[in-house]
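Understanding the architecture of this molecule
Single-letter residue listing:
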Amino acid sequence: MDRDTIFHLPKGSNETTFFYDESLPALPLPKLSHSLKRYYESLKPFGTPEELKNSKEIIEKFRTGIGGKLHAILEEKAKHDKNWVAKWWEDYAYLTLRIPLIPYCVMAQPLMFETVGLETKPENFLRGAAICCAINTRFWNMIRTETLRPVMSPDKKIIFSSDQYKRLFNSCRIPGEEMDKIVTHFKTEKEGPCPSHILAIYKGRLFKVQAFHDDGDELSAQDFLLVFQQIQYKVDSEDTNHVPVTLLTHDDRPTWAQNRKHLIELSENNRTIMQDIESAMTVFSFDTNCPTDYSDLAVKTMIGDLRSKWGDKSCASVFFPNGKLGCLGEHSCYDGTISMAVSLYAMLTIAEEGVPDWTIPPKRAVQPVELVFDVDNKIEAEISRMQVVADKMQNSVTVTVDQFNGYGKDYMKSRKIHPDSWTQTALLLAYYRMHGSFAPTYETAMMRQFYKGRTETCRSCSIEAVNFIKAMDDSNESSNTKASLFKAAANRQAELMNEARKGNGFDRHLFGLWCAAQEQGLPIPDFYDDPLYSRSGGGGNFILSTSTLGFTINCGFVAPMCLDGYGCFYSILNDALWSMVTAYKDSEVTSCRKLQAAFFEAMEDIRKIFEDDAVAKL
């Protein structure tokens with residue numbers, strides 16, 4: 001695995017980063033009858049025979065009535081929009097949410113850069129930031145010059161959209177009183193000029209830093225280090241009563257929208273500063289906490305010193321005084337695959353190039369420019385209120401990060417089972433053992449092979465999974481039966497994932513039908529009031545929100561979808577597995593540590609049934 005193979009287009013290549021995007025196939029629109037049939041199958045683990053009979057009648061009434069009319073609206077929309085769901089998904093799944101972005105709507109990653117040579121020590125507080133800043137600038141420049149390699153399958157038969165890279169940098173989610181909007185200032189070189197400064201935040205004070213010298217050269221890591229040293233010295237040496245406007249960005253969206261508007265109206269200086277912040281390439285946040293382990297690092301990356309975070313920005317890197325680091329991504333702008341790509345590029349860069357020689361002096365001194373808002377009594381009062389809110393937010397989400405060392409991808413494949421399907425089925429078993437019920441489960445299915453594609457839902461909790469789980473703890477069942485049922489459950493999960501990736505999922509379809517009714521001013525159909533609709537996960541009620549993050553040590557997470565739910569994210573290595581589990585502190589029924597322990601136990605128990613089965617056959 002190296003950068004050239006994964007990320008760099010060869011010189012003189014006819015391809016460009018966005019070369020294939022406009023020619024990608026349109027997002028399929030499944031037939032209504034097919035989606036409703038798949039939906040009904042997904043209800044079976046969660047309903048009694050009487051409830052399922054009732055749901056079947058509701059589904060048929062919907063199919064022959066208002067559902068057919070709404071589907072016709074989607075068919076007409078799909079004739080003109082290559083991605084018929086994209087705008088609706090962005091608006092209704094993200095931008096209409098009125099809750100704070102942190103911790104509810106952001107993606108976070110605790111970075112493990114010590115594995116490639118960047119040691120976790122206090123000397124690397126600013127040095128790590130300088131390295132990451134230089135790498136981020138290089139990645140930004142690759143997208144801008146369109147020399148980032150498009151993602152495709154090895155045989156080039158499947159090409160994935162690069163469109164989300166256009167909102168990775170220079171982008172911001174602007175708060176609105178009723179709905180937010182995404183504004184991006186990024187442009188490729190062909191499209192014209194683009195802001196090329198970063199935003200550095202330390203103890204609530206904001207600094208604008210140019211990422212390029214006047215002659216067009218990128219700042220080196222040594223250049224950035226000097227800049228960050230200047231910022232640290234200035235902030236730490238001045239005994240000022242600074243008012244951290246940054247805290248306002250962590251409020252609920254309508255209130256932040258009102259305060260943002262008030263700030264801009266206060267002065268032209270504020271208007272200019274807001275433009276500088278929202279157009280910046282990225283944010284470098286210098287946190288004041290010292291996380292103790294990966295779990296603590298995960299929480300502090302997402303929440304931590306909220307003075308150091310501008311909640312609306314599309315991406316941010318977070319650095320801690322003890323040398324640990326992490327990163328954040330604003331989910332409405334792009335999905336986790338984009339975040340994983342950037343962190344992998346950074347890790348490979350450090351692995352291939354090593355840590356910079358810090359004895360080499362900076363090329364030229366660059367002066368950071370502090371951005372100081374004009375504030376009045378109203379803003380000061382709002383910031384004081386938010387300081388109390390920020391303190392309470394520190395305990396809102398818990399995260400457990402750990403490695404399962406029993407086995408990994410190689411063992412799973414030796415049993416002819418897909419590693420992701422294996423892991424998903426183990427998670428379902430773990431949840432059942434802990435809570436005594438079956439969990440409606442969302443797994444992300446990537447749809448970037450379609451025009452402007454994002455995600456679809458794979459509902460992993462099938463009737464095959466239920467049959468396996470029931471048998472697993474039944475002492476009367478043989479290991480052979482348990483192994484057979486496990487294979488059936490895992491293979492069914494693989495089928496569901498493959499169907500979703502082909503465009504044959506049904507959750508986005510049902511979502512689109514709801515949106516069609518909403519936009520046409522029609523009453524929302526009774527179909528969506530069926531208790532089994534929400535009990536099976538519909539309407540964002542998935543108890544397990546899961547995603548496989550690939551086969552590297554990079555691992556990220558989001559908060560659970562609902563109060564009494566979990567976020568479960570994992571990366572599968574050859575002989576191990578990294579697992580991240582999230583839960584809300586306010587939930588009285590969940591515990592991320594207990595679920596992770598149950599998951600690891602389930603993984604061991606599944607291996608044991610295969611081993612016992614093999615012994616029995618001798």
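Located above this text is the structure these notes cover.
Figured I'd write up the structure that's included with this text. These numbers were taken from a predicted model, which means no experiment stands behind them. (Residues numbered from 1 in each chain as written. Predicted model: local features only at pLDDT ≥ 70, side-chain atom pairs only at ≥ 80, totals over all residues. Heavy atoms only, no water.)

Looking now at the overall build of the chain. Within the chain one finds 20 helices and 15 strands. Whereas a compact globule of 618 residues would reach a radius of gyration of roughly 25 Å, the chain reaches 25 Å, a difference of no more than 12%. Taking the principal axes of its C-alpha atoms as reference, the chain extends roughly 70 × 60 × 55 Å. Relative to its full complement of 618 residues, the chain shows a buried share of 57%. Within the chain, counting contacts between residues at least 6 apart in sequence, those at least 24 apart form 77% of the total. Carbon and sulfur atoms make up 50% of the accessible area of the chain, which amounts to about 25,400 Å² in all. (Helix = DSSP H or I, 4+ residues; strand = E, 2+ residues; numbered from the N terminus. Rg over C-alpha atoms; globule rule 2.2 N^0.38 Å. Buried < 20%, exposed > 50% of the residue type's maximum accessible area, 1.4 Å probe, protein only. Contact = heavy atoms within 4.5 Å. Areas by Shrake-Rupley, 256 points an atom, 1.4 Å probe, with all protein chains shown as cover.)

Here the focus is the sheet that holds strand E1 (residues 106-110). Strand order across the open sheet formed by seven strands is E1-E8-E7-E6-E4-E5-E9, with mixed pairing between neighbours. The open sheet is flanked by E1 and strand E9 (369-371), the only strands paired with a single partner. Direction aside, neighbouring strands of the sheet carry axes that sit 25° apart on average. In terms of strand pairing, strand E6 (residues 283-286) meets strand E7 (residues 315-319) through four bridges, oriented parallel. Bridge pairing in E7 links Ser285 to Val318. (Pairing = 2+ DSSP bridges. Axes fitted to C-alpha atoms, helices over the stretch in contact; angles between N-to-C directions.)

What follows deals with helix H10 (residues 268-279). Helix length check: H10 (12 residues) gives 17 Å between terminal C-alpha atoms against 16 Å at 1.5 Å per residue, within 8%. Taken together, the buried positions of H10 are Asn270, Ile273, Met274, Asp276, Ile277, Glu278 and Ser279. Lining the buried residues of H10 we find strand E2 (171-174), strand E4 (197-202), strand E5 (205-210), helix H9 (253-266) and E9. (Expected span 1.5 Å × (residues − 1).)

Here we take up the sheet that holds strand E15 (residues 577-584). Pairing is mixed in the open sheet, where six strands are placed in the order E10-E15-E14-E13-E11-E12. Each edge of the open sheet is held by one strand with a lone partner, namely strand E10 (397-404) and strand E12 (455-459). Between one strand axis and the next, the sheet turns through 25° on average, direction left out of account. Pairing of E10 with E15 involves eight bridges; the strand directions are antiparallel. Bridge pairing in E15 links Val401 to Met580. Seen against the sheet, helix H11 (residues 294-302) touches E10 and E15 and runs at an angle of roughly 140° to E10. Where helix H17 (residues 479-504) meets the sheet, its contacts fall on strand E11 (441-446) and E12, and the angle it forms with E11 comes to roughly 50°.

Turning our eyes to something else, we now look at the pattern of salt bridges. What the rule picks out here adds up to 45 salt bridges. Among the salt bridges present, the one from Arg205 reaches Glu370, with a minimum N-O distance of 2.8 Å. Of the two residues, Arg205 is situated in strand E5 and Glu370 in strand E9; the sequence distance between them amounts to 165 residues. Residue class for Arg205 comes out buried when judged on its relative accessible area of 6%. Given the relative accessible area of 22%, Glu370 is considered partly exposed. Among the charged side chains, a network of salt bridges with common partners joins Arg98, Arg173, Asp180, Arg253, Asp312 and Glu330. (Salt bridge = Lys/Arg side-chain N within 4 Å of Asp/Glu carboxyl O.)

Right, let's get into the side chain of Asp507. In this fold, Asp507 is placed in helix H18 (residues 507-519). Looking at Asp507, its side chain comes within polar contact range of the side chain of Arg459, at 2.9 Å. Those residues in contact with Asp507, other than ones at most four positions away along the chain, are Glu456, Thr457, Arg459 and Phe542. (Polar contact = N/O pair within 3.5 Å; in protein donor to acceptor, adjacent residues only side chain to side chain.)

As a further point, take the pairing of E4. Along E4, six of the six residues are buried, which leaves the element largely enclosed by surrounding structure. By the alternation rule, side chains of E4 split into His197, Leu199 and Ile201 and Ile198, Ala200 and Tyr202, which are all buried. In this antiparallel pair of consecutive strands, E4 and E5, the connection spans two residues, and Lys203 shows a positive phi of 55°. Sheet topology note: the E4/E6 ladder contains four bridges and is parallel. Each residue of the ladder has a partner; that of Leu199, found in E6, is Val283.

Before going further, it helps to examine H18. It helps to recall that an α-helix has 3.6 residues per turn; residues three or four apart then point in one direction. Here H18 contains 13 residues, and its C-alpha end-to-end distance of 18 Å stays within 8% of the 18 Å for a straight helix at 1.5 Å per residue. Most of H18 sits out of view: 10 of its 13 residues are buried. All buried positions along H18 are accounted for by Asp507, Arg508, His509, Leu510, Phe511, Gly512, Leu513, Cys515, Ala516 and Ala517.

Turning next to the nonpolar core. Among the nonpolar cores identified, the biggest contains 143 residues, and Phe139, Leu168, Phe228 and Phe286 are the most heavily contacted of them. The greatest single-element share of this core, amounting to 13 residues, is contributed by helix H7 (residues 124-144). The contacts of Phe139, once residues within four sequence positions are left out, are Phe7, Leu148, Tyr165, Leu168, Phe169, Val342 and Tyr345. Leu428, Ala439, Tyr566 and Cys592 belong to the second-largest nonpolar core, a separate cluster that totals 45 residues. (Core = buried A, V, L, I, M, F, W, Y, C linked by side-chain atoms within 4.5 Å.)

Moving on, we come to the packing of aromatic side chains. For the coordinates displayed, the defined rule picks out 41 aromatic pairs. Summarising the aromatic geometry, the rings of Trp422 and Phe610 are spaced 5.5 Å apart at their centres and angled 20° between planes, so their arrangement reads as stacked. Within this pair, whereas Trp422 is found in helix H15 (residues 419-435), its partner Phe610 is found in helix H20 (residues 592-616), the two being separated by 188 residues in sequence. Site record: aromatic cluster; members linked through ring pairs are Phe404, Tyr407, Tyr411, Trp422, Phe468, Phe486, Phe599, Phe600 and Phe610. Sitting over the face of the ring of Phe18, Lys166 holds its NZ or CZ atom 4.7 Å from the ring centroid. When the ring centre of Tyr294 is taken as reference, the NZ or CZ atom of Lys324 above it lies at 5.9 Å. (Phe/Tyr/Trp six-rings, centres within 6.5 Å; stacked < 30°, edge-to-face > 60°. Lys NZ or Arg CZ within 6 Å of the ring centre and 35° of its normal.)

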